[in-house]
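# Observations on the three-dimensional arrangement
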Amino acid sequence: MRKESLDTTLFTKLSLLYSDMEGAYNRAASKIGLSCRDCAENCCTSHFQHHTYIEWAYLWKGIGSRPEKSRREFMKRAEEYVRQSRILLAQGLRPRIMCPLNDGGLCQLYEYRLMICRMHGVPNSFVRPDGKKMSFPGCSRCQELYSRLEEVPVVDRTGFYRDLASLEVAFVGQKIKTLARVNLTLAEMLVQGPPAI
Ligand code: SF4
Ligand code: SF4
């Protein structure tokens, strides 16, 4: 299959995987009663990295779907984000800067947001390939809400990770052996441009 049509197929599979993640998140959030509406602690200011080439490329597909004016604005904010975060990191501080894609509290590329953006909020866990279980309690608003529940729903990310890893292998192909590991913030993914695969 030609690379271009393979990518289209893989992007479709990725968007279906994202929908599954969203379904699992929404079921847990609804049982807990969690909504992001009017949240003072907007988690889009968190400083975190993403790790797959396929999500990086899909993010750029999303950028390409937006008008020129929005794209210019995203890039301007991304450059500023990277500049400010470098200063803070050099001072040993953890940056808390709004994501360049968030405008007015809302993600402007919601359907293209990456896996980690989709999982934050509700309690979730995953089992690493070495068998170690990693658990995350969810955001503070969520923790306060589920403190009143007898049974707390926890989203298991293990299958999502496995499926994403399979898509990554298919997307990168033989280059998987030589490519550097992705460890970039979303702003860095924008500033660096689409991945050269
Ligand atoms: S996931 Fe939690 S911290 Fe993030 S916006 Fe929603 S309620 Fe706020
Ligand atoms: S991509 Fe969207 S959901 Fe993720 S941090 Fe940025 S604005 Fe928030």
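Residues numbered from 1 in each chain as written. Chains lettered and ligands numbered in written order. Predicted model: local features only at pLDDT ≥ 70, side-chain atom pairs only at ≥ 80, totals over all residues. Heavy atoms only, no water.

## Quick word on the nonpolar core
Counting 48 residues, the largest nonpolar core has Leu34, Ile54, Leu59, Leu101, Phe171 and Leu190 as its most contacted members. The set of elements that each furnish at least two residues to this core consists of helix H1 (3-32), helix H2 (53-64), helix H3 (68-90), helix H4 (115-119), helix H5 (140-146), helix H6 (158-172) and helix H7 (186-191). Here the element with the most residues in this core is H1; it accounts for 11 residues. What Leu101 contacts, discounting residues up to four positions off in sequence, is Leu59, Ile63, Phe74, Leu106, Cys107, Gln108, Leu109, Leu186 and Leu190. (Core = buried A, V, L, I, M, F, W, Y, C linked by side-chain atoms within 4.5 Å. Buried < 20%, exposed > 50% of the residue type's maximum accessible area, 1.4 Å probe, protein only. Helix = DSSP H or I, 4+ residues; strand = E, 2+ residues; numbered from the N terminus. Contact = heavy atoms within 4.5 Å.)

## With respect to the packing of aromatic side chains
Tallied over the full model, the rule gives 7 aromatic pairs. Pairing Phe11 with Tyr58 gives two aromatic rings, centres 5.3 Å apart and planes at 50°, and the pair type is tilted. Of this pair, Phe11 sits in helix H1 while Tyr58 sits in helix H2, and the two are 47 residues apart along the sequence. Across the pair, exposure class does not vary: Phe11 and Tyr58 are buried alike. Seen from their ring centres, Tyr53 and Trp56 are 5.8 Å apart, and the 20° between their planes marks the pair as stacked. Of the two residues, Tyr53 and Trp56 are both situated in helix H2; the distance of 3 residues between them amounts to about one turn of the helix. The class of Trp56 is buried, set by a relative accessible area of 6%. Each residue in the set Phe11, Tyr18, Tyr58, Tyr112 and Phe171 is aromatic and connected to the rest through ring pairs, giving one cluster. Sitting above the plane of the Tyr110 ring, Arg113 keeps its charged end 3.7 Å from the centroid. (Phe/Tyr/Trp six-rings, centres within 6.5 Å; stacked < 30°, edge-to-face > 60°. Lys NZ or Arg CZ within 6 Å of the ring centre and 35° of its normal.)

So, to be careful, I would describe these as geometric facts and stop short of saying anything about function.
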